[in-house]
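# Notes for the structure review
Chain by chain, the residues:
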Amino acid sequence: MTGRLLGSGRSADVYELDEAWVLRRDRDGRGDAVAEGAVMTYVREHGYPAPRVRPTGSRTELVMERLSGPTMLAALLAGETGPAEGGALLASLLRRLHALPGRDPAEPGARVLHLDLHPDNVILTADGPRVIDWTNAEDGPPGLDWGMSAVILAQVTLGEYPSAHGLLTALLADPGGPAGEGLTEEGLAEALRRRAADPAMSRAEVEVLGEAGRLIRAVAF
């Protein structure tokens, strides 16, 4: 049995189970909760701030730790977090994720990628930030992860929230780690291609992708 609805996203709803756990239920069947739970468990075991999960065996339902605190997006809109601080935090979370050992020894250059890291997927708890919504996670080159976050922020900048430009600038000011594994042209091009092919994108979001790419290149390269 599920409790009250706590929130809804583009493709899923989140319900309370009790004081410690919530249930996220996929509405359109595009995700794989088993694979997502495995990724979250892996990164958490290596010290990354992802919520705890409980296996359900379901591809559409994921039980995870209930977190207390605002999303980074809510904190930004309330003026409690500034764009420079928010962008720097997103960059640090990407760096920390890509510093974890890869899951496939046959692909030494591949890392776990979140591929949807933006302010609404970071919960600011009393114990620090926690990264949620690992639906799109896969293994690959870090540059793609930076590209996806940059494209998301650029789309928002060119849409409803021009002030997100400060977030984008702060994100791209970070080189991505000691090896400089941040944004790459290849990662950006693939991120733009994926966003254009995403059925969840609105027509307006797709139409700004060309301008989003030019904005990111002007800031980063």
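Everything numeric here is computed off the predicted structure, so don't read it as measured data.

### Considerations on the packing of aromatic side chains
Under the defined criterion, the tally for this structure stands at one aromatic pair. Seen in terms of ring centroids, Tyr 48 and Trp 134 are 5.8 Å apart; in terms of plane orientation they differ by 90 degrees. Their pairing is edge-to-face. With Tyr 48 in the loop between α1 (33–45) and β4 (53–54) and Trp 134 in the loop between β8 (128–131) and β9 (138–140), this pair connects stretches of sequence that are 86 residues apart. Both residues of the pair, Tyr 48 and Trp 134, belong to the buried class. We note Arg 54 situated over the ring of Trp 21; from NZ or CZ to the ring centre the distance is 4.6 Å.

### Let's talk about the pattern of salt bridges
On inspection of all chains with the given rule, the structure shows 14 salt bridges. For Glu 61, the salt bridge goes to Arg 25, with nearest N and O atoms at 2.7 Å. Pair noted here: Glu 61 is in strand β5 (residues 61–65) and Arg 25 is in strand β3 (residues 21–26), with a separation of 36 residues, a long-range link. Exposure remark for Glu 61: the relative accessible area of 24% places this residue in the partly exposed category.

### Some remarks on helix α8 (residues 209–220)
Given a rise of 1.5 Å per residue, twelve residues ought to cover 16 Å, and the 16 Å separating the end C-alpha atoms of α8 matches this to within 8%. Along α8, the positions that sit buried rather than exposed are Leu 209, Ala 212, Gly 213, Leu 215 and Ile 216. The buried residues of α8 occupy an angular sector of 165 degrees when the element is viewed end-on, so they sit on one face. Facing away from the buried surface of α8 by more than 90 degrees, the exposed residues are Arg 214 and Ala 218. Buried residues in α8 make contact with α4 (142–157), α5 (165–172), α6 (185–197) and α7 (203–207).

### Observations concerning the pairing of strand β1 (residues 5–8)
As judged from the three bridges shared by β1 and strand β2 (residues 12–16), these two strands associate in the antiparallel manner. By the bridge assignment, Leu 5 is partnered in β2 with Tyr 15. Taken together, β1 and the strand that follows it, β2, pair antiparallel across an intervening segment of three residues.

### Overview of α5
Within α5, burial applies to Leu 167, Leu 168, Ala 170, Leu 171 and Leu 172. Against the buried residues of α5 lie α2 (72–77), α3 (83–98), α4 and α8.

Definitions and cut-offs
- Residues numbered from 1 in each chain as written.
- Predicted model: local features only at pLDDT ≥ 70, side-chain atom pairs only at ≥ 80, totals over all residues.
- Heavy atoms only, no water.
- Phe/Tyr/Trp six-rings, centres within 6.5 Å; stacked < 30°, edge-to-face > 60°.
- Helix = DSSP H or I, 4+ residues; strand = E, 2+ residues; numbered from the N terminus.
- Buried < 20%, exposed > 50% of the residue type's maximum accessible area, 1.4 Å probe, protein only.
- Lys NZ or Arg CZ within 6 Å of the ring centre and 35° of its normal.
- Salt bridge = Lys/Arg side-chain N within 4 Å of Asp/Glu carboxyl O.
- Expected span 1.5 Å × (residues − 1).
- Arc of directions from axis to C-beta.
- Contact = heavy atoms within 4.5 Å.
- Pairing = 2+ DSSP bridges.

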